[in-house]
Amino acid sequence: MADTLPLVVTFDLLSGIIALLVSYYAFQARRWIESSVLNAMSFGFMLLGAALLVEVVTTLSLGITVAQASRLRTFELLENLAYLILQVVALAVIAVGYGRSTYGKTNLQAAAPSGVVAYAVTAAAKTAKLAGLALELYYLFLGLEFVILLVLIFIIFQGFLVYSKNRDDSSLLVLLGFALIFVSHAVVLNSILAISGGEYLVAATVQFLGFLSLLAFVVRSGRVGST
Amino acid sequence: MVQPEKARSTLKTYLDILVTVRDEGRAKPTRILQRANLAYDRLNKHLQELVSKQLLDERQEDDSRYYVLTPKGLEFIENVRKAKAFVKGFGIAL
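Residues numbered from 1 in each chain as written. Chains lettered and ligands numbered in written order. Predicted model: local features only at pLDDT ≥ 70, side-chain atom pairs only at ≥ 80, totals over all residues. Heavy atoms only, no water.

K.L.:
Help me understand the packing of aromatic side chains, please; the structure alone is not making it clear to me.
P.N.:
A ring pair, where both rings are aromatic, is described by two values, the distance of the centres and the angle of the planes. Under the criterion given, the structure shown has six aromatic pairs over all chains. An angle of 40 degrees between the planes, with centres 6.0 Å apart, marks the rings of A:Phe45 and A:Phe178 as tilted. Taken together, the positions of A:Phe45 in helix α2 (residues 36–62) and A:Phe178 in helix α6 (residues 169–193) put the pair 133 residues apart, joining distant regions of the chain. The same class applies to A:Phe45 and to A:Phe178, which are both buried. Among the aromatic residues, ring-to-ring pairing joins A:Tyr25, A:Phe217, B:Phe86 and B:Phe90 into one connected group. The cationic tip of B:Arg26 hangs over the ring face of B:Tyr66; the distance from NZ or CZ to the ring centre is 4.0 Å. (Phe/Tyr/Trp six-rings, centres within 6.5 Å; stacked < 30°, edge-to-face > 60°. Helix = DSSP H or I, 4+ residues; strand = E, 2+ residues; numbered from the N terminus. Buried < 20%, exposed > 50% of the residue type's maximum accessible area, 1.4 Å probe, protein only. Lys NZ or Arg CZ within 6 Å of the ring centre and 35° of its normal.)

Below, the structure is given as structure tokens:
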């Protein structure tokens, strides 16, 4: 696992920088177009970038990823907790902003992908390894990742509605970006359930690809403006 | 599905006027009125605003008045187009 940490850190760092870039671009756009959606995007992506940078610091200082954090027993867990909470808040802000840009109001579905639930049952036996505080934190991290996935489902749904209406490449890149981030978090959830952390490089890579899609969207927006 | 916002219409009107002046090089109010599809009183109001914001320059030649785009106006067009392309990705239309 240790040999993959530099790659994980690099991908998370680059993803965080791209998130901050999207936030800056949304902030710049606010100078010309007043919109509550842009406020939400700017703030949400800033938090997302901050969360990823917190994750980078955590990974570097602890030599461990969030998927393995339940193994820790000390206050260092707070760093991982901060990362997950920032992610939840950031994505919730983006979801609210995205939701406002469409008329289609949807309720979050409480149902989880059946595969995940089935896996949770089988993985429950593995939690027997953990006890006391570690077990409670394990469930807390699991719950937060689950909330992140639910919020991302909502965001992807909004993105799909926008793309269905626009049929525009920009909307498609945003949708693709969030879809890949969703897949990444699904892999992290799987990793937490398995108490392995082994798949974290896959998650970081897929997440990075998602942010690359968002970067392509930002670059494309800049090019359109120059024509 | 996509929710329009009130502020958009003014911004789009500004953009239409500025693009018209840019394309024409220098434009008389009647020409802008035709291309931007505006009522005369509204056009005058917007033109005054754009001149006061230094996005347009008003000039007088013989008995006629015409407008030219300022460097700030050209920058405004580019920035608004970039912003427009950005917000389009999130389903917001001007």
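K.L.:
Please clarify how the pattern of salt bridges should be interpreted in this entry.
P.N.:
Note on pairing: side chains with opposite charge can pair once their charged atoms come close. Residue and element names in this part refer to chain B. For the coordinates displayed, the defined rule picks out 11 salt bridges over all chains. The partner of glutamate 24 in a salt bridge is arginine 31, and the shortest N-O contact between them spans 3.1 Å. Glutamate 24 gets classed as partly exposed once you look at its relative accessible area, which sits at 31%. Judged by its relative accessible area of 33%, arginine 31 is partly exposed. Across the salt bridge formed by aspartate 57 and arginine 59, the nearest N and O atoms sit 3.4 Å from each other. The partly exposed category is assigned to arginine 59, whose relative accessible area is 39%. One salt-bridge network, in which partners are shared between bridges, spans Arg22, Asp23, Glu24, Arg31 and Arg35. (Salt bridge = Lys/Arg side-chain N within 4 Å of Asp/Glu carboxyl O.)

K.L.:
What is the right way to look at the sheet that holds strand β2 (residues 56–61) of chain B in this model?
P.N.:
Adjacent strands of a sheet pair through backbone hydrogen bonds, lying either parallel or antiparallel. The three strands are arranged β1-β3-β2 (chain B) in an open sheet whose pairing can be described as antiparallel. In this open sheet, the two edge strands, each paired with only one partner strand, are β1 (26–27) and β2 of chain B. (Pairing = 2+ DSSP bridges.)

K.L.:
Before we go on, may I ask you to explain the nonpolar core in this structure?
P.N.:
Core analysis: the biggest nonpolar cluster contains 84 residues, and A:Phe45, A:Ile155, A:Phe178, B:Ile17, B:Ile32, B:Leu56 and B:Phe86 have the highest contact counts within it. Among the elements that line this core, the one with the most residues is helix α5 (residues 133–166) of chain A, at 14 residues. (Core = buried A, V, L, I, M, F, W, Y, C linked by side-chain atoms within 4.5 Å.)

K.L.:
Would you explain the pairing of β2(B) in this entry?
P.N.:
Two faces make up the sheet, and in a regular strand the side chains alternate between them. Residues and elements named next belong to chain B. Where β2 lies against strand β3 (residues 64–69), six bridges are found, and the strand directions are antiparallel. Within β3, the residue paired with glutamate 61 across the bridge is serine 64. Linking β2 back to β3 in an antiparallel pair, the connection comprises two residues, with aspartate 62 at a positive phi of about 55 degrees.

K.L.:
Just to check I follow, could you spell out the packing of helix α2 (residues 29–36) of chain B against helix α3 (residues 40–52) of chain B for this structure?
P.N.:
Angle between the axes and distance between the axes are the two parameters that describe a pair of packed helices. Residue and element names in this part refer to chain B. Contact geometry for α2 and α3: axes closest at 10 Å, N-to-C directions at 110 degrees. The pairing of α2 with α3 is recorded here as roughly perpendicular in orientation. Side by side, α2 and α3 meet where Pro29, Ile32 and Leu33 of the first sit next to Tyr40, Leu43 and Leu47 of the second. (Axes fitted to C-alpha atoms, helices over the stretch in contact; angles between N-to-C directions. Parallel < 35°, antiparallel > 145°, perpendicular 65-115°, else oblique. Contact = heavy atoms within 4.5 Å.)

Nothing here speaks to function; it is all geometry.
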